[in-house]
Amino acid sequence: MAASLPYPALYATHGGIWIAGADGAARGLGRGEAIARAAETPMIMLNAPLVGQRLGYPDLSGLDLLELFAFVFPARFAVPTPKGMAHALGLAPPKDDGEAAPFLLRAANALLERMGRADWPEREGAWASAQALYRLRWAWSQPVTGRLQRPERDERWLFSRLPEWEEKAPRPQPKSVRIAPADAVARLALLTGRDAEPREGQKDYAASAAAAFDPRRIEGHPNMLLAEAGTGIGKTLGYLAPASLWAEKAEGAVWISTFTKALQRQLDRESERLFPDARERKAKVVIRKGRENYLCLLNLEDALQGGFAGRAAIFAQLTARWAGYTKDGDMVGGDMPGWLPTLFRRAGATALTDRRGECVYAGCPHYRKCFIERSARASQDADLVIANHALVMVNAARGRDAGNAPSRIVFDEGHHLFDAADSTFATALTGQETIELRRWLIGPEGKARGRRRGLAARLMDVASYDEAGGAVLEAAIQAAGLLTGDGWLQRIGEGIAFGPLEKLFASVRGTVYARASAQDAGYGIETEMAELDGDIVAAASPALEAMELLLRPLMALGKRLEAVLEDAPDWLDGSARARIEGAIGGLTWRTQSLSAWIALAARIGGPADPDFVDWLAVERIDGREFDIGLHRRWLDPTRPLAEAVLKPAHNVIVTSATLRGAGDWAAAEARTGACHLENAAQHFAANSPFDYAANSDVLIVTDLKRGDPAQLAGAYARLIEAAGGGTLGLFTAIQRLKAVHARIADRLARIGLPLYAQHVDPIDTGTLVDIFRDDPRASLLGTDALRDGVDVPGHSLRLVVMEGVPWPRPNVLHAARRAAGGGSAYDDRVVRARLAQAFGRLIRRAEDRGTFVLLSAATPSRLLNAFPPGVTIRRVGIAEAIERVRSGLSTATQLGHQVEQEQAAEGLQ
Ligand code: SF4
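Scope of this entry: the structure provided in the associated data block. What you see is a predicted model; the values in this text were computed from it and never measured.

1. Remarks on the nonpolar core
Then step 1. Formed by 70 residues in total, the largest nonpolar core has its most connected members in Ile-44, Phe-71, Trp-140, Val-144 and Leu-300.
Then step 2. Among the elements that take part in this core, helix α5 (residues 97–116) stands out by supplying 10 residues, more than any other.
Then step 3. Phe-71 has contacts with Met-115, Trp-120, Ala-126, Ser-129, Ala-130, Leu-133, Trp-138, Val-144, Leu-148, Leu-318 and Arg-321, leaving out every residue within four places of it along the chain.
Then step 4. With 57 residues, the next largest nonpolar core counts Leu-473, Leu-504, Val-508 and Leu-550 among its residues.

2. Considerations on the sheet that holds strand β22 (residues 850–854)
Then step 1. Taken together, the seven strands give an open sheet; going across it, the order is β19-β20-β18-β21-β22-β17-β23, and neighbouring strands pair in parallel fashion. Bordering the open sheet on either side are β19 (755–757) and β23 (872–876), each of which pairs with just one other strand. The mean inter-strand angle of the sheet, taken between neighbouring strand axes irrespective of direction, is 15°.
Then step 2. Taken together, the three bridges between β19 and strand β20 (residues 779–782) define a ladder with parallel strand orientation. Paired with Leu-755 across the two strands is Ser-779, which belongs to β20.
Then step 3. This element, helix α31 (residues 709–723), spans β18 (727–730), β19, β20, β21 (799–802) and β22 of the sheet and lies at about 175° to β21.

3. Thoughts on the site of the ligand
Then step 1. Every residue close to the ligand is listed here: Arg-291, Cys-296, Leu-297, Leu-298, Cys-359, Val-360, Cys-364, Tyr-367, Cys-370 and Ile-372.
Then step 2. In terms of residue class, the shell around the ligand is made up of nine nonpolar, no polar and one charged.

4. Observations concerning helix α2 (residues 48–55)
Then step 1. Among the eight residues that make up α2, seven are buried, leaving the element largely enclosed by the rest of the structure.
Then step 2. Turning to α2, its buried residues are Ala-48, Pro-49, Leu-50, Val-51, Gly-52, Arg-54 and Leu-55.
Then step 3. Once α2 finishes, Gly-56 follows within two positions and takes phi at roughly 70°, a positive value.

5. Looking at the packing of helix α3 (residues 65–72) against helix α4 (residues 82–89)
Then step 1. Where α3 contacts α4, the two axes come as close as 12 Å, and the packing angle between them is 25°. Looking at the two axes, α3 sits roughly parallel to α4. Crossing of α3 over α4 shows left-handed handedness. Listed contacts from α4 to Leu-65, Leu-66 and Phe-69 of α3 are Met-85, Ala-88 and Leu-89.
Then step 2. Its residues assigned to classes, the contact of α3 with α4 comprises six nonpolar, no polar and no charged.

6. Points about the packing of helix α35 (residues 812–820) against helix α36 (residues 824–840)
Then step 1. Interhelical geometry of α35 versus α36 gives an angle of 115° and a closest axis separation of 7 Å. With respect to α36, the axis of α35 lies roughly perpendicular. In this structure, α35 contributes His-814, Arg-817 and Arg-818 to the contact, and α36 contributes Ser-824, Tyr-826 and Asp-827.
Then step 2. Tallied by class, residues from the contact of α35 with α36 come to one nonpolar, two polar and three charged.

7. A short note on the environment of Thr-591
Then step 1. Inspection of the secondary structure assignment puts Thr-591 in helix α27 (residues 574–602).
Then step 2. On the accessibility criterion, Thr-591 (12% relative accessible area) is buried.
Then step 3. Note: C-alpha distance between Thr-591 and Asp-422 (169 residues apart in sequence) is 20 Å.
Then step 4. Those residues in contact with Thr-591, other than ones at most four positions away along the chain, are Leu-551, Leu-554 and Met-555.

8. A few points about unusual backbone geometry
Then step 1. Backbone geometry places Glu-413, a non-glycine residue, at a positive phi of 50°.
Then step 2. Tracing the chain through its elements places Glu-413 in the loop between β10 (408–411) and α19 (417–424).
Then step 3. With a phi close to 50°, Glu-531 is a non-glycine residue in the positive phi region.
Then step 4. Looking at the element boundaries, Glu-531 is found in the loop between β12 (525–528) and α26 (534–566).

Reading guide: rules and limits
Residues numbered from 1 in each chain as written. Predicted model: local features only at pLDDT ≥ 70, side-chain atom pairs only at ≥ 80, totals over all residues. Heavy atoms only, no water. Core = buried A, V, L, I, M, F, W, Y, C linked by side-chain atoms within 4.5 Å. Buried < 20%, exposed > 50% of the residue type's maximum accessible area, 1.4 Å probe, protein only. Helix = DSSP H or I, 4+ residues; strand = E, 2+ residues; numbered from the N terminus. Contact = heavy atoms within 4.5 Å. Pairing = 2+ DSSP bridges. Axes fitted to C-alpha atoms, helices over the stretch in contact; angles between N-to-C directions. Near = heavy atom within 4 Å. Nonpolar A, V, L, I, M, F, W, Y, C, P; charged D, E, K, R; others polar. Parallel < 35°, antiparallel > 145°, perpendicular 65-115°, else oblique. Left-handed = near helix turned anticlockwise from the far one by under 90°.

Right, dumping it as structure tokens:
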């Protein structure tokens, strides 16, 4: 019923632009005409920012089908392409790009028609939401309100519809139990089911992991297992079997920590085998994220009541629709579609979470419904808590959530432990960090609206009750005025820095520009903190004094608050107590940060500490500065990891497909912190059952001129053409990625091979991977995150092309670690690990086939043991590489299709 909507639809790719009239008739048109038509008539489109980018007209707006989808089906998943929409709506997908525009009309009508059905499950709240969106002039308001019936009774507003969590008694200490290896193997058999007998390697894995759950013998000496299991062993079920048995028998929780969201989702799915009943699963398996991932209901209420304007206000309304149906309130990796915030160019998304630690806990009217609080309580009684490395480390390091700190931990994707520890235990004294502290203490400046208030407002009752507390709070507020304030970057740029911290950052900027190289690259620049000039040394002293002036009252305030809690006055009800406890928690880690900043600033002009690497940096994106400051990393971040996380734990398993890299166990011990424990870690290894030698090959292209963007782009285009898409292109520099994309996207699109790119397309990385996975003719270009975290089994990924040897970026931190880690041998270890990870994207299951191409003549042979033994490695010219990809993959393609068809016939997919 395309005629029921009076709007045309517009569809654009790199290959062309099409418009369909309200009657469904479609035609191609030029860019100029498309922009002119879009400016005068509201048009239906799919992902307006992306269409705008394809047309070279970023301000394009219209009736975005994705916004309508988010309204009709909040908290439901859909790949944001015509095919993905067709799948989500049960419609026939368009056969080609030319048919996509009329399809958008059909999809829009189907969505609107869904709202008219009696069995529409997401009806509750839609009427009130549509009315609010109408007032905000949402583009879809007319057709939506026209199809919605006013409910007979007024709808409950969102905040009363959400369920409340219940307070529970603290969980007793886990019992001391042992898991017999045979029991773990029996549990594994139950999990894998009769159709898929556990394999030998997987059984051995489960048995080894069982022993790692034995009771700890000496405090500070955790039972630690390092387990390398090649891809395809089935390691997740291998550790879930003993972990779930232990949790059951000991009545305690095992934390499963991952690095990527993809693995978190996989674990969530695999837990269905453990607990097929959805209600039981909800109680037993909990996913926990950092609090900055969750929607803060108080921030949402502010936004709905006028705190947001324009497009951000529309986003807040759609977020409220989602909040009524979400599983857990996670806006970042949960059931909010990753594309939704990007449709609004991320306006408002950050402000709806609790990024700045302004939570007022029990003082919040939504405390009993708060998603963050609910998730924290749910994990108290869970058997399995699925979290990420950063959260596990932060919980341990900041001593938050003391009664619920992880003590039995499985670190999956353990090869990322080093990097996760590196960021968690880092110190950054920068303009952005200091302005955040200032806002936390004294609230936002200027015309900022909403409930964002400073600490003084949050602790007003304490200040008036406890005179000494009031005095130190006032002193802290005064001292916070010396931190960077709004507009600091601009003032520094204009040479009118204000206050001691801004003046220090101005000196840092001057030093970095004077000393750094690659100034024209447009991205971050830095210089080591050595041999600093008098100017910056002089600027450091007043900054240090200012920070010390702030630290003293903050520490005193923490003590005063503890005293108030101990000697509780009459007015201190549960709500006020929780609010003060929240403030103490916030003060504790902020005073820790402030102390670390002071130590770092004191380094200017002082002696270097051999445990740390310090440098000065100006952060930039596309030449635009966004932060300036001083940075400190541990030379070996596994040292604080061992102290704060490993030693207090009872049982730790660190596992990965590439734990040793191409090195030995000593390398794995060094990368995981096991080398800092007094007791020895156990080791386990099982090779991948995949036949890499038969199913994959490596081509090293030897005749491309280094640094020639035209040759590089040409090679990518021809390889992608030869493979018919299905290519993951990996880059070490964003600029080269952009240059290659700009040269080849149109050419490939014209032959029906869509090309997507991280850092180019206005789409989040997770959604880009979803699009890539869903379309076997699509290809995707990206950088580090794609090298490590893409799990695309099957035919959609059959060629990986790397632009060159992935040498580490030669920055200050790398130079220090290289010097400490054996010079070029250190670089080789890093490169081998990266090559192994990139190659690992190719073969995700036994039937997968593919080719790995490295576009670098200068690939040293010593690095080639990064690839699995037996895989054929050929050094060839680009012409031969293209021919091999074309012929090799045509065989693989046929085989891949054949396997998929057979699996479909057997009902296995
Ligand atoms: S309790 Fe805190 S995080 Fe939760 S809704 Fe209230 S202010 Fe936001």
